[in-house]
Amino acid sequence: MTVAVASPVRYLKTIGRLSQKGAGYNTPVGIATAPGGRLYIVSRSNIAQAAWGYLRVSINSFDEEFLGEFCTFGRGDGQLTWPTAVAVDQDVNVYVSDEARQDVQMFDKDGNYVRRWGSEGSGPGEFNHPTGLAVDHDGHILVSDSLNNRIQKFNHHGEYISSFGEAGTGPGQFNLPWGITVDSQNRLYVVDWRNSRVQQFSADGSYLASFGNQGGEGQLDRPACAAVDSVGNVYVTDFGPNLVKIYGPDGTYLKTLTGDATLSKQAKTYISADPEMIMLREQHADEIAEWERIFNCPIGIATDEDDHILIADSGRHRLQVYERI
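From a predicted model like this one, the values you see are computed outputs, not experimental measurements.

To continue, consider the packing of aromatic side chains. For the structure shown, the criterion picks out 13 aromatic pairs. Aromatic pair Tyr 247 and Tyr 253: ring centres 6.2 Å apart, planes at 70°, arrangement edge-to-face. Judged by relative accessible area, which is 1%, Tyr 247 ranks as buried. Judged by its relative accessible area of 22%, Tyr 253 falls in the partly exposed class. Members of the aromatic cluster, joined through ring pairs, are Tyr 95, Trp 117, Phe 127, Phe 154 and Tyr 160. A cation over a ring is seen here: Lys 13 above Phe 62, with NZ or CZ 4.2 Å from the ring centre. The residue whose ring lies beneath Arg 222 is Trp 193, and the NZ or CZ to ring-centre distance is 5.2 Å.

Next comes the structure, spelled out in C-alpha cells:
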C-alpha cells in the first residue's frame, strides 16, 4: 500500500435542517453524490414518523437548491419502510437498501421506480438486514448483508454475481458490517461495525488490510460508514463517540473531527421568521453555538467529484460539509 498523504480538511458549510417534507431532512442516514453537484439523501425518520410519511429520499444540489423527493412509507414498489443507504451508478441510477423490506430498489435519477430485488434469507441474493451500498468501477452493486455477515455483489438488473465474508473477528470476517465504499483503484472498504474496524479488500473480495482497531487516537468505536477522497484518504463516521476520523491511504490515523456546524441557509431563513427564536438565540448565543457545532449521531458519509466530504449528522437532521485542502 502507498504511504499516507497528510491531507487536512476544513469546514465549509452546513446543509439542511429538520423538516418533515420538502427541503430539509428527518434523521438523514445515507448520502450519495452524482456529477454536477447533485445529492441524494435518505431520511429514515423514526419508526412512528416513518409511518406518518416523513421518510423519503431527497434530491438537492450542492448549492442547497431543493430539486425534489421520492418514496413514501409502505411495502409496495417504490416505497420504503426502514431505509439504510443510497448509492448512485455512472448512469445516475439510484439504489436504496431497506433492512425491514429485505431488499434493494432501483430508481432513475428523478426518483421513478425501476425494479427491486431481494427477500429474507441467507442464500445467494437473499438478505438479512441489508445496510451499506456502493457501486464499483464495473457497475456492480455491492450490498452489506449485515446479519448474514457478508458482502454480496449484483449487476444493475439485480442478478446475483458473488459474495464474500463470514461471521468472526479474523481478517476478512465480519460482525455486522454496515457501510461500504470504493476507492479510485476499485478497492473496497467495509465498515465492520461490531468489530469496530474498517477492512480493505480487492475488487474480487480478497482481504488486504484493516485499520481503526489498533488503539490510540485512531481507535474506532462502532463505526457506521466510510468514504474515500481522490488521494485515498479514508473518512469514517465513528457513531459511538459522535466523531469522524480520517486515515491515510495506508490506514495511518490522521485527524479527528468533532463537528464545526454553523446555521445552514434553510435554518437561517426559518429562524429569521420567528422573533422569539431570535431573542432566545441572542440570550444564549455561546451555549447554543457550542451545542450546534458538534456531531450528533453521524452515520452516512460521501465524497464528491470536488473532494467535498459530506457527513449525515443524523441526530441534528443536517449535513456537515468539509473540503480537502
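This part is about the environment of Asn 149. Note that Asn 149 resides in the loop between strand S11 (141-145) and strand S12 (150-154). As a C-alpha pair, Asn 149 and Phe 164 span 15 residues in sequence and 8.8 Å in three-dimensional space. Leaving out residues up to four positions away in the same chain, Asn 149 has contacts with Gly 165, Glu 166, Ala 167, Phe 174, Asn 175, Leu 176 and Pro 177.

As for its placement among the helices and strands, Ser 61 is situated in strand S4 (residues 56-61). Filtering out sequence-adjacent residues up to four positions away, Ser 61 remains in contact with Gly 37, Leu 39 and Leu 67.

Here we come to unusual backbone geometry. Positive phi outside glycine occurs at Asp 307, with the angle close to 60°. Its location among the elements puts Asp 307 in the loop between strand S22 (298-303) and strand S23 (308-313). Not every positive phi belongs to a glycine, and His 317 is a case in point at roughly 60°. Assignment of secondary structure puts His 317 in the loop between S23 and strand S24 (318-324).

Cut-offs used in this document
Residues numbered from 1 in each chain as written. Predicted model: local features only at pLDDT ≥ 70, side-chain atom pairs only at ≥ 80, totals over all residues. Heavy atoms only, no water. Phe/Tyr/Trp six-rings, centres within 6.5 Å; stacked < 30°, edge-to-face > 60°. Buried < 20%, exposed > 50% of the residue type's maximum accessible area, 1.4 Å probe, protein only. Lys NZ or Arg CZ within 6 Å of the ring centre and 35° of its normal. Helix = DSSP H or I, 4+ residues; strand = E, 2+ residues; numbered from the N terminus. Contact = heavy atoms within 4.5 Å.

What is shown is where atoms sit, not what they do.
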